[in-house]
Structures are given as structure tokens and as C-alpha cells.
Amino acid sequence: MKKFLITGTLVMLALSQALTTSSQTLEKNFQPSEFVYEADRFADIRILRYELPNFDRLNLRQKELVYYLTQAGLAGRDIMWAQNGRYNLAIRTALENIYTRFDGNKESAEWKSFETYLKQIWMSNGIHHHYSNQKHQPQFSKSYLQDIAKSTKTEISPEVMEVIFNPNIASKKVEKDASKGLVENSSVNFYGPGITTEEALAYYASKIKPDDRTPLSYGINADLVKVNGKLQEEVYKVGGKYGQALEQVVMWLERAERVAENDKQAVVIRKLIQFYRTGDLKAWDDFNIQWARATEGDIDFIHGFVEVYNDPLGNRGSYETIVEINDFEASERMKVMMDHAQWFEDNSPTQVEHKKKEVKGITYKVVNVAGESGDANPSTPIGVNLPNAQWIRTMHGSKSVSLGNIEDANNKAGGTGMLSEFAHDLEEINRAIKYGEIAGKLHTAMHEVIGHASGQLENGVAPSSQTLKEFASTIEEGRADLVALYYVMDPQLVEWGLMPSLEVGMAEYDGYFRNGMMVQLRRLKFEEEIEEAHMRNRAWICNWIYEQAQLSDKPAIVKVERDGKTYFDIRDYEAIRNYVGKLLNEVQRITSQGDYEAAKNLADGYGKKVDLDIHKEVVYRSEKLNIPPYNGFMNPVLVPVNDQYGNLIDVKVTYMKEFSEQMLMYSKNYGFLK
Ligand SMILES: [Zn+2]
């Protein structure tokens with residue numbers, strides 16, 4: 001599971017408010033370094049660099065390991081492009097060719113639109129928006145593209161032209177509305193032509209043994225295709241599908257294995273290599289088990305076909321890599337929470353039979369990212385909890401990380417007045433400035449550590465990917481959010497020294513509703529419904545609680561109209577917490593019993609529809625503030641330094657100036673699937 005920027009938004013708002021209301025001196029205090037975060041802006045995107053603190057504290061061998069792991073990640077970058085859509089690599093190659101060769105008028109509106117379109121594609125590893133799933137619509141004409149293709153000797157087939165310009169072809173990456181055909185209407189490149197949802201579901205249903213307590217992750221690393229009318233898998237492995245890229249990945253992993261920090265870590269890397277060589281699902285499980293257990297060392301990584309959000313049926317994993325360096329100080333603070341994991345489970349407002357008797361293997365770390373690739377770049381999560389297989393989590397534990405330097409970049413690149421625009425009153429603003437950052441960090445920690453790790457299924461109930469189907473992701477993310485929201489208002493956290501006062505929880509509630517009821521809507525187009533799992537869970541949590549609150553004579557949260565603007569004001573934080581507890585109890589029941597209808601009621605009934613008037617207002621109010629709603633990230637470039645004999649003596653952290661420069665370099669150096 002991964003967690004997107006949400007708490008980061010809150011922190012960003014808090015800091016930026018401080019910046020806009022304070023003097024030059026304060027501004028200096030908030031930006032102690034000369035580091036330049038922002039690198040580019042286009043469409044609805046802002047590209048940021050992130051710092052790599054403490055890299056120089058690593059020893060040479062550790063730096064070498066980090067270098068090899070980041071190279072292994074980048075070597076598979078093209079896999080994500082290919083997975084995202086069958087035309088992506090051809091389109092990228094053609095557009096990059098034009099971009100680098102064109103020597104005509106670069107001041108024209110059409111060239112600028114072309115450049116924006118290419119950057120949008122880079123941002124989303126393909127032609128669909130990374131968040132909305134909708135196809136990017138070029139703001140330049142077909143004849144213009146034909147002209148500049150000709151002048152740069154670039155070939156674009158008529159078929160590819162249609163894919164770029166015809167809004168009815170490949171209009172959506174992932175279809176989540178079952179009535180429209182989950183597989184049929186998704187253009188993600190996981191299912192061959194002519195395969196129906198029914199066929200794909202039946203294919204995997206036949207593999208699952210109902211009494212299997214350790215089921216394999218069927219379909220995680222394969223496309224499903226039809227050959228002579230028969231369904232079969234094309235497995236991602238060396239010598240198989242995406243083999244050219246995976247060969248390179250394996251080469252770098254082999255180097256990494258030789259400089260591993262300890263034996264356990266070396267075993268983990270060897271298992272991963274074995275998985276990429278064989279495509280064997282058992283090897284994937286072995287890797288994940290070893291990985292979950294390997295908690296020593298300063299360096300860790302995520303590498304594989306991991307998150308299943310891009311598959312409308314939730315089977316295939318998207319290629320993703322993150323290389324992590326431990327942030328010891330921040331992790332130490334969170335150890336307190338891990339030590340009390342069982343207390344959280346026991347005191348949760350869920351039913352006794354839905355609680356884990358023994359919460360196992362919870363680790364939580366704040367790490368700094370040294371490099372990301374595939375599904376995690378340029379758009380990145382801010383927290384990750386893996387492995388995804390429920391039985392491995394239960395039997396062998398899981399690891400949960402918060403990406404500290406990514407969150408920092410989100411926060412420090414601020415410079416907005418969003419908080420003052422959408423907060424109801426000065427008290428709320430001041431609370432966010434004072435406690436927003438700690439509230440965000442605590443929410444992330446609890447969502448990952450105790451949220452996803454909590455609860456258990458009733459006997460004989462299948463995993464929620466099978467019972468809750470297309471609602472599994474949003475229900476799971478909502479469940480983890482509810483656990484965090486419930487405890488962020490618990491006095492016990494103050495007693496343990498995790499937060500200074502309950503005002504932290506109040507700041508979190510303010511921010512959560514501000515975002516869920518209003519601010520996040522600016523990410524949508526008008527008339528569009530909410531689809532992305534995390535956005536949707538925020539909406540159904542907020543709307544459900546708001547509706548409940550209105551049934552009371554003294555509602556705990558009210559909608560306020562002032563000077564033609566809408567605000568949501570929380571009047572009773574304890575009462576909100578009670579609603580959170582009630583909803584958590586119900587959502588845990590839905591998960592534990594696999595209640596599809598109830599999941600659908602919540603996710604569709606409260607989390608899908610958008611009030612058009614509110615939506616227009618949010619877009620109007622935030623447009624005036626001029627802040628792109630999404631952040632993308634540029635990795636640092638790690639450069640090995642050799643002595644005169646060719647021995648590695650150091651690894652330097654450098655940064656590129658332009659986003660386009662980095663994207664072109666990646667395509668050139670790691671374009672293994674052309
Ligand atoms: Zn999550």
C-alpha cells in the first residue's frame with residue numbers, strides 16, 4: 001500500500017501561512033539552506049527536487065550499495081511506461097525525437113503546447129494523467145504535429161496519431177465503474193485484445209484454492225493474453241516479457257548483492273534476482289518474506305511489481321522502485337508507537353472478533369529517499385507499507401516507511417495562501433501553523449503502522465480484493481485513515497509524549513475536513529467523479545460524518561457561508577471522534593466479513609459524487625492562489641568517483657537543472673524496451 005500526499009498538504013499550508021504572514025527574518029528561519037526545490041511548472045504540475053541529508057555519513061560501501069540499487073531501479077523504468085499503455089513508448093520516442101531535433105520557432109503557442117504535452121507525459125509515465133487516469137488532451141493541432149515530425153524526420157504512424165488525438169480512443173487508463181466493463185474499458189496494458197472482465201476473473205478464480213492459507217499473488221507479474229482463443233499469461237522475466245530491461249535490472253542487483261550491508265540483506269537481493277530470472281511466484285513470496293524480516297542495516301529498498309492500483313481487477317503489480325536510507329532520529333520517536341501496537345489494537349472501537357489477538361512484526365521507519373523509479377517517479381508516495389500479501393503480513397510482518405525528505409520537499413517548497421483561504425477562522429489557522437506539521441507526521445505514522453496492520457478477517461472470509469473487489473483499495477485506505485483519525489484525539493498519545501496536546505488532533509481534524517470536503521476537489525475536472533482510492537476514501541469519510549452530524553440539534557460540524565464563500569467549521573471535536581469510531585467499527589466489519597454491498601454504499605454513496613457548485617468555488621478560489629495541485633519529483637543524480645586505477649573512491653550527489661534534461665537522460669541511458 002502506498003500513501004499519497006495528504007498530510008503533506010496540511011504541513012505545506014501551515015508553513016506557507018507562516019511565510020506569508022511573517023517578516024523576512026522568519027522567512028530566513030524557515031529556509032535555512034540554499035537548496036532550490038522547485039525546478040519546473042506546467043499544466044497542473046510542479047516539479048520539485050528533494051534533498052538527500054546525511055548521505056555523506058554513509059561509508060563508501062554503503063554509498064556503493066545505494067548507487068547500484070538506484071541504477072537497478074532506473075534500468076526497469078521503461079517497464080512502467082509499457083505497462084501503462086501499449087503506445088506509450090512509441091509516443092515517447094517520437095516526441096522526444098522531435099523535442100531534441102526541432103530547430104524551428106520555439107516561441108509559438110503550438111510549440112509551447114507541444115512541450116507541455118511532452119512534460120505531462122513524462123510526469124505520468126504515459127499518456128494518461130497520473131492521478132485522474134484520463135488521457136491528456138494535446139492543445140496543439142494534428143497538422144502541427146505532422147509538420148514538426150516531418151521537419152525532424154520523425155515517424156509517427158497513423159494509428160499512433162489516432163491514439164494521441166482521438167479523445168474516444170484509450171480515454172481512460174483504469175476503468176473503475178463495473179457497469180462500463182473493468183477490463184474492456186481500461187487501456188492499461190495488462191490484458192490482450194478481446195479479453196473480457198468475465199474471462200479474466202474466471203481465469204484467476206480457477207487458480208485460487210479456497211482453503212489456501214498462503215495463496216500466491218496470481219497475475220502479479222504477467223499479462224493475460226489470448227492465443228488461438230485460449231487464455232495464457234506472458235510472464236515478466238529475464239528471457240520473457242520485458243526481458244531486455246530485467247536483464248539490466250538483474251545485472252545491477254548482482255553488484256548490489258556483493259556490497260550488501262549484512263547476510264540477511266544479501267539473501268533478500270538474491271531472492272529478488274531469482275524472481276526476476278524465473279518469474280516464479282513462489283520466489284516472489286520468498287523475497288517478500290525475507291524482505292519483511294530484514295530490518296537491520298541503514299539502507300533498504302522497494303523493488304518489484306508492487307502496487308495493484310493500475311489493474312482494474314487488482315492483480316497485476318506496477319513496476320516500482322524506491323531506495324531508502326534510514327533517518328534514525330525520526331524513527332526513534334516512532335518506536336514509542338510501535339512498542340504500544342497491541343494497546344492500539346485492544347482499544348480500537350472495533351468488535352472484539354475483528355481485532356488481532358497479537359499484532360505482529362510492525363516496523364515503522366522514517367527514511368530518506370535516494371532514488372525512485374517506475375510507479376514512484378516522478379509522482380511519488382509519501383509513505384509505503386509492504387508487502388501487500390495479507391498472509392505474509394500476518395505470519396512474517398510488514399515494513400512501513402514514511403519518506404521524510406520527500407515530505408520535507410513538499411512542505412518547504414510551499415509559498416501558498418491555501419490555509420488562510422479555506423480555513424474557517426483565525427483559531428484554525430493558528431492551530432495549523434503551530435501543530436500542522438506534527439499532526440501530519442503522526443497521521444502518516446498511525447495510518448501506516450497501526451492502521452493497515454490492524455484488524456482481522458472472520459474465519460473463511462477471502463481477502464478483500466476478492467470480496468470487496470473494485471472497492472477494496474478505497475475501503476482499506478479509509479480504514480487506515482480512520483484508525484489514525486481515531487487515535488490522534490486520544491489523550492494517551494499526549495501521555496506517551498508523542499504529541500504536546502490534543503490540539504494536534506484538532507488541527508488534524510480541521511485539515512482533514514478542509515481537504516476532504518473542499519480542497520482536494522481542485523484535482524478534478526468539472527462533472528468528473530472521484531475515482532482515486534485515497535481521494536475517494538477522504539470524501540466518503542468526511543461526507544458520512546458530516547451527514548451524521550446534521551442529524552443532531554447541535555451539529556459537531558457545520559457548513560458556513562460567508563461573503564459568498566463556503567467553509568466547514570468543526571464545533572465539537574470529541575463528537576467528531578465518536579463518529580470516527582462508529583465508522584471505523586463499520587468499515588472494519590465490512591472488511592472482516594467481506595460485505596461488498598456495504599462497501600459499495602459507502603464508496604459510491606458518499607465518495608463518488610461531487611457537488612458542482614462547491615467544486616466550482618474551490619477551483620475558483622484556489623486558481624487565484626496559483627499553486628499547481630500536484631507535485632512531481634526529480635531524483636538526485638548519483639555520480640561514482642573513481643581514482644586513477646579505476647577504483648571507486650566516492651559517490652557524489654548532484655542535481656540536474658531542468659526536468660526535461662533528466663527525462664531525456666533517463667530515456668537515453670535506460671531506454672531498454674524500445
Ligand atoms: Zn495506506
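What you are looking at is a predicted structure, and each value in this text was computed from that prediction instead of being measured.

Student: Just to check I follow, could you spell out the sheet that holds strand 2 (residues 38-42) for this structure?
Tutor: Paired through backbone hydrogen bonds, the strands of a sheet run either parallel or antiparallel to each other. Spatially, the three strands line up as an open sheet ordered 2-3-13, and their pairing is mixed. Pairing within the sheet leaves two strands with one partner each, and these edge strands are strand 2 and strand 13 (630-634). The sheet shows a mean angle of 25° between the axes of neighbouring strands, direction not considered. Pairing between strand 3 (residues 45-49) and strand 13: five bridges, direction parallel. Looking across to strand 13, one finds that isoleucine 47 is bridged to glycine 632. Taken strand by strand, helix 16 (residues 404-412) contacts strand 3 and strand 13, and its axis lies near 125° from that of strand 13.

Student: Sorry, what's going on with the coordination of the zinc ion here?
Tutor: Under ideal tetrahedral coordination, the four donors around a metal are separated by 109.5 degrees; under ideal octahedral coordination, the six donors are separated by 90 or 180 degrees. In this structure, His447 (NE2), His452 (NE2) and Glu477 (OE) serve as the protein donors to the zinc ion, at separations of 2.0 to 2.2 Å. Taken in chain order, the donor set of the zinc ion reads H-x4-H-x24-E. Looking at histidine 447, the relative accessible area reads 1%, which means it is buried. For histidine 452, a relative accessible area of 3% puts it in the buried group.

Student: Can you walk me through the nonpolar core in this structure?
Tutor: In terms of nonpolar packing, the biggest core is built from 192 residues, with Phe114, Leu145, Tyr276 and Met446 touching the most fellow members. Non-local contacts of tyrosine 276, meaning those with residues more than four positions away in its chain, are made with Lys237, Val238, Leu246, Val249, Val250, Leu253, His303, Gly304, Phe305 and Tyr319.

Student: I tried to follow the packing of helix 5 (residues 88-101) against helix 27 (residues 659-670) on my own but got confused; where do I start?
Tutor: Each pair of packed helices can be described by the angle between their axes along with the distance between the axes. Running from amino to carboxyl end, helix 5 crosses helix 27 at an angle of 125°, the nearest separation of the two axes being 12 Å. Taken together, helix 5 and helix 27 sit at an angle that is classed as oblique. By crossing handedness, the relation of helix 5 to helix 27 is classed as left-handed. Here helix 5 contributes Arg92, Glu96, Tyr99 and Thr100 to the contact with helix 27, which in turn contributes Ser660, Met663, Leu664 and Ser667.

Student: Just checking my understanding: could you explain the pairing of strand 4 (residues 222-227) for this structure?
Tutor: For a regular strand, side chains alternate in direction, first toward one face of the sheet and then toward the other. Direction of pairing for strand 4 relative to strand 5 (residues 230-235): antiparallel, over a ladder of six bridges. Bridging from a neighbouring strand, valine 225 pairs with glutamine 232 of strand 5. A loop of two residues connects strand 4 with strand 5, the two strands running antiparallel in sequence, and asparagine 228 in this loop sits at a positive phi of about 50°.

Student: What should I look at first to understand the pattern of salt bridges in this one?
Tutor: If the charged atoms of two oppositely charged side chains come close together, the side chains can form a pair. Within this structure, the stated rule accounts for 39 salt bridges. In this structure, lysine 63 engages aspartate 650 in a salt bridge whose closest nitrogen and oxygen atoms are separated by 3.0 Å. One end of the pair, lysine 63, is in helix 3 (residues 60-75); the other, aspartate 650, is in strand 15 (residues 648-654), with 587 residues separating them in the sequence. Taken individually, lysine 63 and aspartate 650 each receive the classification buried, so the pair is uniform in this respect. Put simply, lysine 172 and glutamate 531 hold a salt bridge, and the shortest N to O gap is 3.2 Å.

Student: I'm lost on the confidence of the model for the chain in this one. Help?
Tutor: Caution applies to low-pLDDT regions: their predicted coordinates should not be interpreted in detail. Overall, the prediction assigns the chain a mean pLDDT of 91, with 93% of residues at 70 or greater. A low-confidence stretch, residues 6-33 stays under pLDDT 50, and its non-local contacts, those more than four residues away or across chains, total 54 contacts.

Student: Explain helix 16 to me, please; I cannot follow it from the model alone.
Tutor: Since one α-helical turn is 3.6 residues long, residues separated by three or four positions face the same way. Counting buried residues along helix 16, seven of its nine residues qualify, which places the element largely inside the surrounding structure. Within the span of helix 16, buried status applies to Gly404, Asn405, Ile406, Glu407, Ala409, Asn410 and Asn411.

Student: Would you mind showing me how to read the packing of aromatic side chains here?
Tutor: Where two aromatic rings form a pair, the distance of their centres and the angle of their planes describe that pair. Enumeration according to the criterion identifies 36 aromatic pairs in this entry. On the numbers, 5.8 Å between centres and 15° between planes, the contact of phenylalanine 42 with phenylalanine 659 is stacked. With phenylalanine 42 in strand 2 and phenylalanine 659 in helix 27, this residue pair connects regions lying 617 residues apart in the sequence. You can call phenylalanine 659 buried: its relative accessible area is 0%. Geometrically, the ring pair formed by tyrosine 276 and phenylalanine 305 is edge-to-face, given 5.9 Å between the ring centres and 90° between the ring planes. With tyrosine 276 in helix 11 (residues 263-278) and phenylalanine 305 in strand 6 (residues 299-305), the pair connects residues that are 29 residues apart, well separated along the chain. Its relative accessible area of 0% is what places phenylalanine 305 among the buried residues. Grouping aromatic residues by their ring pairs yields a cluster made of Phe42, Tyr99, Phe102, Trp111, Phe114, Tyr117, Trp122, Phe140, Tyr144, Phe165 and Phe659. Directly above the aromatic system of tyrosine 131 lies the positively charged group of arginine 523, at a separation of 4.5 Å from the ring centroid.

Student: Can you walk me through the packing of helix 6 (residues 109-124) against helix 7 (residues 142-151) in this structure?
Tutor: Two numbers describe how helix 6 lies on helix 7: the axes approach to 11 Å, and their chain directions differ by 85°. With respect to helix 7, the axis of helix 6 lies roughly perpendicular. Between helix 6, through Glu110, Trp111 and Phe114, and helix 7, the contact on the second element is made entirely by Tyr144, Leu145 and Ile148. Residue classes in the contact of helix 6 with helix 7 are distributed as five nonpolar, no polar and one charged.

Student: Could you clarify how one ought to interpret helix 26 (residues 612-623) in this entry?
Tutor: Here helix 26 contains twelve residues, and its C-alpha end-to-end distance of 16 Å stays within 8% of the 16 Å for a straight helix at 1.5 Å per residue. Residues of helix 26 that are buried: Ile614, His615, Glu617, Val618, Val619, Arg621 and Ser622. Where helix 26 is buried, its residues contact helix 17 (418-422), helix 22 (503-518), strand 11 (557-562) and strand 12 (565-570). Among the residues of helix 26, the N-terminal cap falls to aspartate 611, whose side-chain oxygen and the backbone nitrogen of aspartate 613 are separated by 2.9 Å.

The rules behind the values
- Residues numbered from 1 in each chain as written.
- Predicted model: local features only at pLDDT ≥ 70, side-chain atom pairs only at ≥ 80, totals over all residues.
- Heavy atoms only, no water.
- Pairing = 2+ DSSP bridges.
- Helix = DSSP H or I, 4+ residues; strand = E, 2+ residues; numbered from the N terminus.
- Axes fitted to C-alpha atoms, helices over the stretch in contact; angles between N-to-C directions.
- Contact = heavy atoms within 4.5 Å.
- Donors = N, O, S within 2.8 Å, 3.2 Å for Na, K, Ca; no water.
- Buried < 20%, exposed > 50% of the residue type's maximum accessible area, 1.4 Å probe, protein only.
- Core = buried A, V, L, I, M, F, W, Y, C linked by side-chain atoms within 4.5 Å.
- Parallel < 35°, antiparallel > 145°, perpendicular 65-115°, else oblique.
- Left-handed = near helix turned anticlockwise from the far one by under 90°.
- Salt bridge = Lys/Arg side-chain N within 4 Å of Asp/Glu carboxyl O.
- pLDDT = per-residue confidence, 0-100.
- Phe/Tyr/Trp six-rings, centres within 6.5 Å; stacked < 30°, edge-to-face > 60°.
- Lys NZ or Arg CZ within 6 Å of the ring centre and 35° of its normal.
- Nonpolar A, V, L, I, M, F, W, Y, C, P; charged D, E, K, R; others polar.
- Expected span 1.5 Å × (residues − 1).
- Polar contact = N/O pair within 3.5 Å; in protein donor to acceptor, adjacent residues only side chain to side chain.

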